[in-house]
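Each chain, letter by letter, is given below.
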Amino acid sequence: MVCDEWQLPCIPEAIPLCVQSGDDRYIAVDKMILKGVDVLPHALINNVEEKLGLKGEKLREYVRWLSDRILSLRASPRYRPTLHIDVYGTIGLIFDMDPVRCADYIASLEKEAQGLPLYIEGPVDAGNKPDQIRMLTAITKELTRLGSGVKIVADEWCNTYQNIVDFTDAGSCNMVQIKTPDLGGIHTIVDAVMYCNKQAMEAYQGGNCNETEISART
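Residues numbered from 1 in each chain as written. Predicted model: local features only at pLDDT ≥ 70, side-chain atom pairs only at ≥ 80, totals over all residues. Heavy atoms only, no water.

**A few points about the sheet that holds strand β1 (residues 39–42)**
Within a beta sheet, neighbouring strands are joined by backbone hydrogen bonds and run either parallel or antiparallel to one another. This is how the line gets drawn: Only when DSSP finds a minimum of two bridges between them are two strands counted as paired. Numbering of helices and strands runs from the N terminus, with a helix taken as a DSSP run of H or I at least four residues long and a strand as a DSSP run of E at least two residues long. Here an angle of 0 to 180 degrees is reported between the N-to-C directions of two axes, which are lines fitted to C-alpha atoms, with helices fitted over the stretch in contact. Any pair of residues with heavy atoms lying within 4.5 Å of one another is described as a contacting pair.
The strand order across the open sheet formed by six strands is β1-β2-β3-β4-β5-β6, and the pairing between neighbours is parallel. Looking at strand neighbours, the two that pair on one side only are β1 and β6 (202–206), the edges of this open sheet. On average, each strand axis in the sheet is tilted by 25° relative to the strand beside it, whichever way the strands run. Taken strand by strand, helix α4 (residues 57–73) contacts β1 and β2 (82–86), and its axis lies near 155° from that of β2. Packing against the sheet, helix α10 (residues 186–198) makes contact with β5 (175–179) and β6, and its axis sits at approximately 175° to β5.

The structure is reproduced here in structure tokens:
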């Protein structure tokens, strides 16, 4: 129905699925690897002292553990999942919201990923939309200047179709989260994904784990 309504080609290929571990970020990863998950593990890094580390050392150790675990448990060298970690603005907290220091730290995580693609979601939370766009843009540009392959994902303050357009037009990140429960109707979600595609912005549909089985499949 979506393909017919928007006059899109129907491509019979699976799209990558991102799986969330919640706080069970170690045992859950083993399950994800054995199941061949495409994108993992989200990891719920939402506390500085317990999960990120006052100098970011705990996340650094976790990314190294994560890549070591994948490389040692994977069934085939062809299995190269994307590492996607949501940090809920905590990186900004330990680096005083300095985009250059944030970018330096984020870039340093690339070697811990050992060649696996790494995406960091929500590195900072600036408290409002304009400042969030400004901060993410500065971090993304600094990562480009450093030659880093780590990608930035917009989450906070990007909750509506217009927000997605604004974050995308600003070139503030490499990927936006399209929060399916927040956007509401299927038509708005489709329009948001299509806008991102046209602007060469990566997008993922988040929040499906909060919905019913039928709405998540839709």
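**Topic: the packing of aromatic side chains**
Put simply, the rule is: When the centres of two rings from Phe, Tyr and Trp lie within 6.5 Å, Trp using its six-membered ring, the rings pair. Their planes under 30 degrees apart give stacked, over 60 give edge-to-face, and anything left gives tilted. Partly exposed residues are those whose accessible area sits between 20% and 50% of the maximum for their type, while under 20% is buried and over 50% is exposed, using a 1.4 Å probe and protein chains only.
All chains considered together, the criterion is met by five aromatic pairs. Taking 5.8 Å as the distance between ring centres and 20° as the angle between the ring planes, the aromatic pair formed by Y62 and W65 counts as stacked. Separated by three residues within a single helix, Y62 and W65 lie in helix α4, roughly one turn from each other. Given the relative accessible area of 24%, W65 is considered partly exposed. Judged by centre distance (6.5 Å) and plane angle (75°), the rings of Y161 and Y195 are edge-to-face. One end of the pair, Y161, is in helix α8 (residues 161–169); the other, Y195, is in helix α10, with 34 residues separating them in the sequence. A residue is classified by how much of its surface remains accessible, and Y161, at 30% relative accessible area, is partly exposed. Taken together through their ring pairs, the aromatic side chains of Y26, Y62 and W65 make up a single cluster.

**Considerations on a nonpolar patch on the surface**
Which entries qualify depends on this criterion: Residues forming no salt bridge and having over 30% relative accessible area are the ones grouped into patches, like charges within 9 Å of each other and nonpolar side chains (Val, Leu, Ile, Met, Phe, Trp, Tyr) within 5 Å. Accessible areas in this description were obtained via Shrake-Rupley with a 1.4 Å probe; residue shielding takes into account the shown protein chains only. The salt bridge definition used is simple: a Lys or Arg side-chain nitrogen within 4 Å of an Asp or Glu carboxyl oxygen.
A cluster of nonpolar side chains, namely V2, L8 and I186, defines an oily patch on the protein surface of about 190 Å² accessible area. You can see V2 is positioned in helix α1 (residues 2–6).

**As for the nonpolar core**
The line we're drawing: Definition used in this section: a nonpolar core is a set of buried Ala, Val, Leu, Ile, Met, Phe, Trp, Tyr and Cys residues joined via side-chain atoms within 4.5 Å.
In this structure, L59, I85, I91, I106, I120, V176 and I178 are the most contacted members of the largest nonpolar core, which totals 53 residues. If we ignore the near neighbours within four places in the chain, the residues touching V176 are A154, C158, I164, F167, T168, C196, M201, E202, A203 and Y204.

**Side note on the packing of α8 against α10**
For any two helices packed against each other, the geometry comes down to the angle between their axes and how far apart the axes lie. Quick reminder of the rule: Each angle receives one of four descriptions, namely roughly parallel if under 35 degrees, roughly antiparallel if over 145, roughly perpendicular if within 65 to 115, and oblique otherwise.
At a closest axis distance of 10 Å, the pairing of α8 and α10 adopts a crossing angle of 5°. Taken together, α8 and α10 sit at an angle that is classed as roughly parallel. Counted together, Y161, I164, V165, T168 and D169 of α8 and T188, D191, A192, Y195 and C196 of α10 form the full contact between these two elements.

**Some points on the pattern of salt bridges**
On inspection of all chains with the given rule, the structure shows 11 salt bridges. Residue R64 pairs with E112 through a salt bridge whose shortest N-O separation is 2.9 Å. Note that R64 is positioned in helix α4 and E112 in the loop between α6 (99–108) and β3 (118–121), a separation of 48 residues in sequence. Among the ionic pairs, K151 bridges to E202, the shortest N-O distance being 3.7 Å. Here E202 lies in strand β6 and K151 lies in strand β4 (residues 151–154), a separation of 51 residues in the sequence. Exposure remark for E202: the relative accessible area of 31% places this residue in the partly exposed category.

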